[in-house]
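# Descriptive structure summary
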Amino acid sequence: MRIDIVTIFPEFFDVLDISLLGKARQAGIIELGVHNLRDATTDRHRTVDDTPYGGGAGMVMKPEPWGEVLDGILDADDEPDAGPLVIFPSPAGEVFTQAMARELATESHLVFGCGRYEGIDQRVFDHTATRARVRLVSLGDYVLNGGEVAVMAMVEAIGRLIPGVVGNPHSLVEESHEDGLLEAPSYTKPASWRGLDVPPILLSGNHGAIAAWRRDAQLERTRRVRPDLLAPADEKTGEKKESPST
Ligand code: 6GU
């Protein structure tokens, strides 16, 4: 997979040299390009923002540098619905989920455009949408100063789902959210530590009983911490969605 990131803080993404994703890059599974938006400016101060039309607080990112940098990344020959998928992290976007990470992990080219300040001129989204698929994606219902942290989280969640990035693919299955539930608690040696014992069933060697215990623990934890994950009611119709898979 090819990943391009546009940002005014390219150093922010230096950490992608290390850990699992760094290894995946060395192995050629992930190809990463980080682009400094300021390199696409033409004025002496390398200006990327300006005051909003219509007034209001804060600054808005100007369209011209975005147009320049995206011209360099998007292939003019690509059909809009083939080619790269362009993602703009935004608190106004659809919420990023494990299901979306799985879907995005099947793409061959992702482009992330990190906004700062009060956002990016709307015409950047509109123009980009004439030549590529565009999605606005939010990490959740809270406000970050810019898209960089969100992109880091998305790249990690997506990257680890690309075949070959995580050594043992089984470790991808038994995780929170993969089956729609939170994961069960886990334990390792010693069997007794500071007066706290590992649940005896996990030492029993009875794989069926262990699987049943884990399932119960998942359901109990999900009911307690994230009841919204269990057949949430549709806000308008009150209709129950499909239950998490078993
Ligand atoms: Cl993707 N961007 C920003 N700036 N804030 C956020 C977010 C994204 N997701 C949640 N809050």
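This one's a predicted model, so the numbers in the text were calculated from it and none came from an experiment. (Residues numbered from 1 in each chain as written. Predicted model: local features only at pLDDT ≥ 70, side-chain atom pairs only at ≥ 80, totals over all residues.)

Attention shifts here to the domain arrangement of the protein chain. A common way to express how large an interface is: the accessible area buried when the components associate. Annotation of the protein chain at the domain level lists domain 1 (2-159) and domain 2 (176-229). Relative placement of domain 1 and domain 2: their C-alpha centres are 38 Å apart. (Domains from an automatic or database assignment.)

Now for the nonpolar core. Core analysis: the largest hydrophobic core is formed by 35 residues, its most contacted members being Ile 87, Phe 112, Val 151, Met 154 and Val 155. Counting residues per element, this core draws most heavily on helix H5 (residues 148-159), which supplies 6 residues. Excluding residues that lie within four positions of it along the chain, Val 155 makes contacts with Ile 3 and Leu 16. (Core = buried A, V, L, I, M, F, W, Y, C linked by C-beta atoms within 7 Å. Buried ≥ 20, exposed ≤ 12 C-beta atoms within 10 Å, placed from the backbone. Helix = DSSP H or I, 4+ residues; strand = E, 2+ residues; numbered from the N terminus. Contact = placed C-beta atoms within 7 Å.)

Residues in contact with the ligand, as listed here, are Pro 89, Ser 90, Pro 91, Ser 138, Leu 139, Gly 140, Tyr 142, Val 143, Leu 144, Gly 146, Gly 147 and Ala 150. Partitioned by chemical class, the residues of the shell around the ligand number 7 nonpolar, 5 polar and no charged. (Near = placed C-beta within 6 Å. Nonpolar A, V, L, I, M, F, W, Y, C, P; charged D, E, K, R; others polar.)

The next point concerns the UniProt feature "binding site: S-adenosyl-L-methionine" (unreviewed entry) in the protein chain. Under the feature "binding site: S-adenosyl-L-methionine" (unreviewed entry), the UniProt entry names Gly 115, Leu 139, Gly 140, Asp 141, Tyr 142, Val 143 and Leu 144. With respect to the element layout, Gly 115 can be found in the loop between strand E6 (109-113) and helix H4 (122-128). Each residue touching Gly 115, except ones within four places of it in the same chain, is listed here: Met 61, Phe 88, Ser 90, Ile 120, Gly 146 and Gly 147. Along the chain, Asp 141 falls in the loop between strand E7 (133-138) and H5. (UniProt positions renumbered as here; feature names shortened; annotations may be inferred.)

With that settled, the discussion passes to unusual backbone geometry. Each neighbour pair has its own omega, and for Lys 189 with Pro 190 the value is 5°, a cis peptide bond. For Pro 190, the position within the fold is in the loop between helix H6 (170-173) and strand E8 (192-193). At His 177, a residue that is not glycine, the phi angle is positive and equals roughly 80°. Its location among the elements puts His 177 in the loop between H6 and E8.

Moving on to the sheet that holds strand E5 (residues 85-95). Taken together, the 5 strands give an open sheet; going across it, the order is E2-E1-E6-E5-E7, and neighbouring strands pair in parallel fashion. Taken across any chain shown, the strands that pair with only one partner, and hence form the sheet edges, are strand E2 (31-36) and E7. Strand-to-strand twist across the sheet, computed as the mean angle between neighbouring axes with direction ignored, equals 30°. Note: E5 against E7, 7 bridges, orientation parallel. Along E7, the bridge assignment pairs Val 95 with Ser 138. Of the strands in this sheet, strand E1 (2-7), E5, E6 and E7 are in contact with H5, which crosses E1 at around 170°. (Pairing = 2+ DSSP bridges. Axes fitted to C-alpha atoms, helices over the stretch in contact; angles between N-to-C directions.)

Mapped onto the elements, Leu 32 comes out in strand E2. Given 18 C-beta atoms within 10 Å, Leu 32 falls into the partly exposed group. Along the chain, Leu 32 and Thr 222 lie 190 residues apart, while their C-alpha atoms are 36 Å from each other. Setting aside residues no more than four positions away along its own chain, Leu 32 makes contact with Ile 3, Leu 16 and Arg 25.

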